[in-house]
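# Observations on the three-dimensional arrangement
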Amino acid sequence: MIRIGMGQIEIVPGNPRKNRDTILQAIEYAKALCIDSLILPELALSGYLIGDAWDQPAFVNECVAMGETIIKATDNIAVIFGNVGLDPDKTNFDGRPRKFNAIFAAQNGELITPQEAPYPFIIKTLNPNYRFFNEARYFTPLPIVAQELHRPVEELLGLLPFTFKNGETFNVAPLLCEDSWDENYSFSPTTTLADKSAIQNVPIHAFINISASPFTLGKNERRHRLFTERARALKTPVFYINSVGLQNNGKSICTFDGQSTVYNRFGEIVTQLPAYESIVQPVLLDKLKPVANDDSCAMYGIADLKDVHPTVKPAVEVPVPSEPAQIYHALHYGLQSFLKQTGIKKIVIGVSGGIDSALNAALYATVLDPSQIYLVNMPTRFNSTATKDLAAQLAKNLGCQYAVCPVEDSLTLTVNQFESLSFEGPNGSEQVKVSSFVKENIQARDRSARILAGLAASVGGAFTCNGNKTEFTIGYATLYGDLAGFLAASGDLWKYQVYNLADYLNKEIFKREVIPQGTIDIIPSAELSENQDITKGQGDPLQYEYHDRLFRSFIEPWNRMTPEDLLSAYKENRLETVLNLPKPISNYFTSASDFIADLERWWNSFAGLAVAKRIQSPPIIVVSRRAYGGDLLESQMAPYYTEKYYELKETLV
């Protein structure tokens, strides 16, 4: 019987001292539970998203030194953990000291390594270089080492051999995160280890994958499919150990959700740890009797801790939470952790009576005492009585501080000041004329740059950006105005997700109507001019049911779509399928000309000025498979249409 500890710990990025202490505490706790081997996450001492801190030799050396402390603490226990490996005698391609993303294994104060390993640690084979994963910038992968040694990479992969006090041997196939996500690589570390085991007649008792894997919608379900297939095909238990915590690359704030999982040799889930909880969970491995006519049977099965005479532990049902539930838990944990990291204890939120500001207020009220949340309504003559009343009702429902600060006088003052200016130049005098559009932007900037920023400083807090992903996509927000703020908690949510999450908060979290139903029902509108009068049905220039899906196609598919792709789908009557529209395209546009005019309007915005706005927007908490910020790298260029697009357009118009 072998007791394995799943060490799902919270990792603080860039703080190896704190992480060392967390690991040492986990080791002591594991010893108290009589655990034989404790498995900890990838880069457990440094954190994963730490930017170019890897370029600081003192920081790297600190991580290495902390790792040696962990190794010395492994008396009477085996520990597997992720850390940076260092070869100071060689360099990376950038000329800096060579570093590896590595697995370290130790038992009784001594390192345990595969006999094939060229270093006293296991080097990650597949270094991802997409999304915000940028390991090729910092680490040398195993294939490069193999190339330099003039050896096949297969020869450098091996098993971790452990022997426990009861004399039982335990051979572990070690993998680092991406090494298991190898579907699209030409080389598979997982199958290579399995094949070597079969050839050498050395059994693999368990595959382990230590990860630093941030949450995004759908990732957990994809991982279950992948790891289930592998465990079933290999007839071997698989341990997946992930960290929890909050890490960022400056613009993208990622929640690491844990959800560490054990799969038995049939590919069934037998243990999954709770999301966003730091925990050390024991799992028993029980030696199995050989199965007739099945020489490839695994040597160990998952046993039940509660059984006096352990048997193979049955699979457990792992319900998939709804999308709003997953989004809520990610945002709640992200906000809670971010405020703790930054030391922010008071929040100022501009509330208009609309859905975006109401959602943000409700989210912050799940993290902070409502008395520390200051809601400010900033009306002009364009704001309806209905929205002003809804803003007040929201504050009352949440129990937040509330004030009304009109901006009509400051708008008038600014416009009068501008229009009284006279610029003198080589061609004479020029008077300033303030258009209706500029007046709208003046209101937005006055609310954020003057009122919210000033109030936040006055109360000793920060103010929020209430923008959503739909608005960010097309730049439907004012630069230095409603794009300002210390954080955009809802910045990775499409408009439909904003509404769904608002409904979820009312029904499942608060279990009462805190976001007024009137706010959910009212037509979305900026209310910045007489042309945005909600009493006349004048709302935002978007059909959110359609445009959310259109804009998503610009960003989130692995192969992102362009006007050429969309026009081709429209011409071939498959646009509804491509965008997953709930209604026929004719419900949104009566002609091809209307469809094309709308497509070009928003593509020009998305690929034009909106890029500059996004670059200057606040950080966001990531929930989608492709978020703005460091996840989607953008360059400021002019909007572009392919030759094929113009050919398609000519045939349709």
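Cut-offs used in this document
Residues numbered from 1 in each chain as written. Predicted model: local features only at pLDDT ≥ 70, side-chain atom pairs only at ≥ 80, totals over all residues. Heavy atoms only, no water. Helix = DSSP H or I, 4+ residues; strand = E, 2+ residues; numbered from the N terminus. Rg over C-alpha atoms; globule rule 2.2 N^0.38 Å. Buried < 20%, exposed > 50% of the residue type's maximum accessible area, 1.4 Å probe, protein only. Contact = heavy atoms within 4.5 Å. Areas by Shrake-Rupley, 256 points an atom, 1.4 Å probe, with all protein chains shown as cover. Lys, Arg positive; Asp, Glu negative; His and termini not counted. Charge placed at Lys NZ, Arg CZ, Asp CG, Glu CD. Core = buried A, V, L, I, M, F, W, Y, C linked by side-chain atoms within 4.5 Å. Polar contact = N/O pair within 3.5 Å; in protein donor to acceptor, adjacent residues only side chain to side chain. Pairing = 2+ DSSP bridges. Axes fitted to C-alpha atoms, helices over the stretch in contact; angles between N-to-C directions. Patch = residues over 30% accessible without salt bridge, like charges linked within 9 Å, V, L, I, M, F, W, Y side chains within 5 Å. Salt bridge = Lys/Arg side-chain N within 4 Å of Asp/Glu carboxyl O. Domains from an automatic or database assignment. Buried area = accessible area lost by both parts, 1.4 Å probe. Phe/Tyr/Trp six-rings, centres within 6.5 Å; stacked < 30°, edge-to-face > 60°. Lys NZ or Arg CZ within 6 Å of the ring centre and 35° of its normal. pLDDT = per-residue confidence, 0-100. Right-handed = clockwise from strand over helix to strand, strands pointing away.

### As for the overall build of the protein
For the protein, the count of helices and strands is 19 helices and 23 strands. Relative to the globule expectation of 26 Å for 653 residues, the C-alpha radius of gyration of the protein, 28 Å, shows essentially globular dimensions. Once the C-alpha set of the protein is aligned to its principal axes, its extents read approximately 90 × 60 × 55 Å. Across the 653 residues in the protein, those meeting the buried criterion constitute 56%. Considering only residue pairs separated by 6 or more positions, the protein has 71% of its internal contacts joining residues 24 or more positions apart. With an accessible surface of roughly 28,000 Å², the protein has 52% of that area assigned to carbon and sulfur atoms. A distance of 3 Å separates the average location of the 59 positive side-chain charges in the protein from that of its 73 negative side-chain charges.

### Notes on the nonpolar core
Across soluble globular proteins, you tend to see nonpolar side chains buried next to one another. Membership of the largest hydrophobic core comes to 59 residues, with the highest contact counts inside it found for Trp54, Tyr546, Phe554, Ile585 and Phe595. Secondary structure elements with two or more residues in this core: α2 (57-72), β12 (252-257), α11 (469-474), α14 (544-555), α15 (563-571), α16 (575-579), α17 (592-606) and α19 (643-652). If one sorts the elements of this core by residue count, α17 sits on top with 7 residues. By size, the runner-up hydrophobic cluster in this structure holds 49 residues, among which are Leu335, Ile349, Leu368 and Phe486.

### Description of the side chain of serine 624
Tracing the chain through its elements places serine 624 in the loop between β23 (620-621) and α19. On the basis of relative accessible area, serine 624 is assigned to the buried category, the value being 6%. Engagement of the side chain of serine 624 in a polar contact is seen with the side chain of lysine 469, the distance being 2.9 Å.

### Observations concerning the sheet that holds strand β19 (residues 401-404)
Spatial ordering of the open sheet is given by β19-β18-β17-β22, a layout of 4 strands whose pairing is parallel. Lying at the two open borders of the sheet, with one neighbouring strand each, are β19 and β22 (462-463). Those strands touched by helix α10 (residues 436-459) are β17 (347-350), β18 (373-377) and β22, and its axis lies near 155° from that of β17.

### Some thoughts on the environment of threonine 380
Its location among the elements puts threonine 380 in the loop between β18 and α8 (385-398). You can call threonine 380 buried: its relative accessible area is 5%. As a C-alpha pair, threonine 380 and alanine 365 span 15 residues in sequence and 27 Å in three-dimensional space. In contact with threonine 380, other than residues within four places in its own chain, are Val407, Glu408, Gln443 and Arg447. Polar side-chain contacts of threonine 380 include one of 3.4 Å to the side chain of glutamine 443.

### Comments concerning a nonpolar patch on the surface
On the surface, Phe418, Leu421 and Phe423 cluster together to form a nonpolar patch covering roughly 280 Å² of accessible area. Examined against the element boundaries, phenylalanine 418 turns out to sit in helix α9 (residues 408-419). On the accessibility criterion, phenylalanine 418 (34% relative accessible area) is partly exposed.

### Some words on the domain arrangement of the protein
The domain architecture assigned to the protein consists of domain 1 (2-320), domain 2 (342-406 + 436-540) and domain 3 (543-652). Taking only C-alpha atoms into account, the centre of domain 2 sits 26 Å from that of domain 3. The partner domain 3 presents 25 residues to the 26 residues of domain 2 that form the contact. Both faces combined, the contact of domain 2 with domain 3 buries some 2,200 Å², and carbon together with sulfur accounts for 64% of it. Three residues, Ile474, Asp492 and Trp494, lead the burial of domain 2 against domain 3; their summed loss comes to 27% of the area buried on that side. In this assembly, domain 2 and domain 3 are joined by 1 salt bridge. Linking lysine 469 and glutamate 556 is a salt bridge whose minimum nitrogen-to-oxygen distance equals 2.6 Å. Viewed at the interface, domain 3 and domain 2 are joined by 18 residue pairs in polar contact (both at pLDDT 80 or more).

### Here's the deal with the pattern of salt bridges
Overall, the coordinates contain 28 salt bridges when judged by the stated rule. Arginine 96 is the partner of aspartate 94 in a salt bridge, and the nearest nitrogen-oxygen pair spans 3.1 Å. Take aspartate 94: its relative accessible area is 36%, and that puts it in the partly exposed class.

### Some details on the environment of leucine 479
Relative to the elements of secondary structure, leucine 479 occurs in the loop between α11 and α12 (495-509). Taking the C-alpha atoms as reference points, leucine 479 and alanine 610, separated by 131 residues in sequence, lie 9.5 Å from one another. With sequence-adjacent residues up to four places away left out, leucine 479 is seen in contact with Arg445, Lys613 and Gln616.

### With respect to the packing of aromatic side chains
All chains considered together, the criterion is met by 32 aromatic pairs. Arranged with centres 4.9 Å apart and planes meeting at 40°, the rings of tyrosine 641 and tyrosine 645 form a pair that is tilted. Both residues of the pair, tyrosine 641 and tyrosine 645, belong to the buried class. The aromatic ring of tyrosine 496 is capped on one face by arginine 549, whose charged end is 5.8 Å from the ring centroid.

### As for the sheet that holds strand β7 (residues 160-163)
To summarise the sheet geometry, strands pair through backbone hydrogen bonds and adopt either a parallel or an antiparallel arrangement. Strand order in the open sheet formed by 6 strands is β7-β8-β9-β10-β13-β14, and the pairing between neighbours is mixed. Two strands in the sheet have a free side with no partner beyond their single neighbour: β7 and β14 (269-272). Neighbour to neighbour, the strand axes of the sheet diverge by 20° on average, direction disregarded. The pairing of strand β8 (residues 169-176) with strand β9 (residues 206-211) spans 5 bridges and is classified as parallel. Bridge pairing in β9 places alanine 173 opposite phenylalanine 207. With respect to the sheet, helix α4 (residues 189-200) is in contact with β8 and β9, its orientation differing from that of β8 by roughly 155°. Packed onto the sheet, helix α5 (residues 219-234) meets β9, β10 (238-242), β13 (261-263) and β14 and runs at close to 30° relative to β13.

### A few points about the confidence of the model for the protein
When pLDDT is averaged across the protein, the result is 93; 94% of the residues are at 70 or more. Within the model, the stretch residues 291-298 combines pLDDT values under 50 with 10 contacts to residues more than four positions away or in other chains. Residue range residues 305-312 is modelled with pLDDT below 50. Its contacts to residues more than four positions away, or to other chains, number 13 contacts.

### Quick notes on the pairing of β8
Of all the 8 residues making up β8, 7 are buried; the element is thus mostly covered by neighbouring parts of the structure. Here β7 hands over to β8 after 5 residues, with glycine 167 in that stretch at a positive phi of 90°. Once the chain exits β8 it traverses α4 before rejoining the sheet at β9, and the crossover so formed is right-handed.

### A word on the pairing of β12
Looking along a regular strand, one sees side chains alternate from face to face of the sheet. Counting buried residues in β12 gives 6 out of 6 residues, a clear majority hidden from the surface. Judged by which residues are buried, β12 turns out to be covered on both faces: Ser252, Cys254 and Phe256 on one side and Ile253, Thr255 and Asp257 on the other are all buried. For strand β11 (residues 244-248) and β12, the ladder comprises 5 bridges, and the chain directions are antiparallel. Bridge pairing in β12 places leucine 246 opposite threonine 255. The turn joining β11 and β12, which pair antiparallel and follow one another in sequence, is formed by 3 residues; a positive phi near 105° is taken by glycine 250. The pairing of β12 with β23 spans 2 bridges and is parallel.

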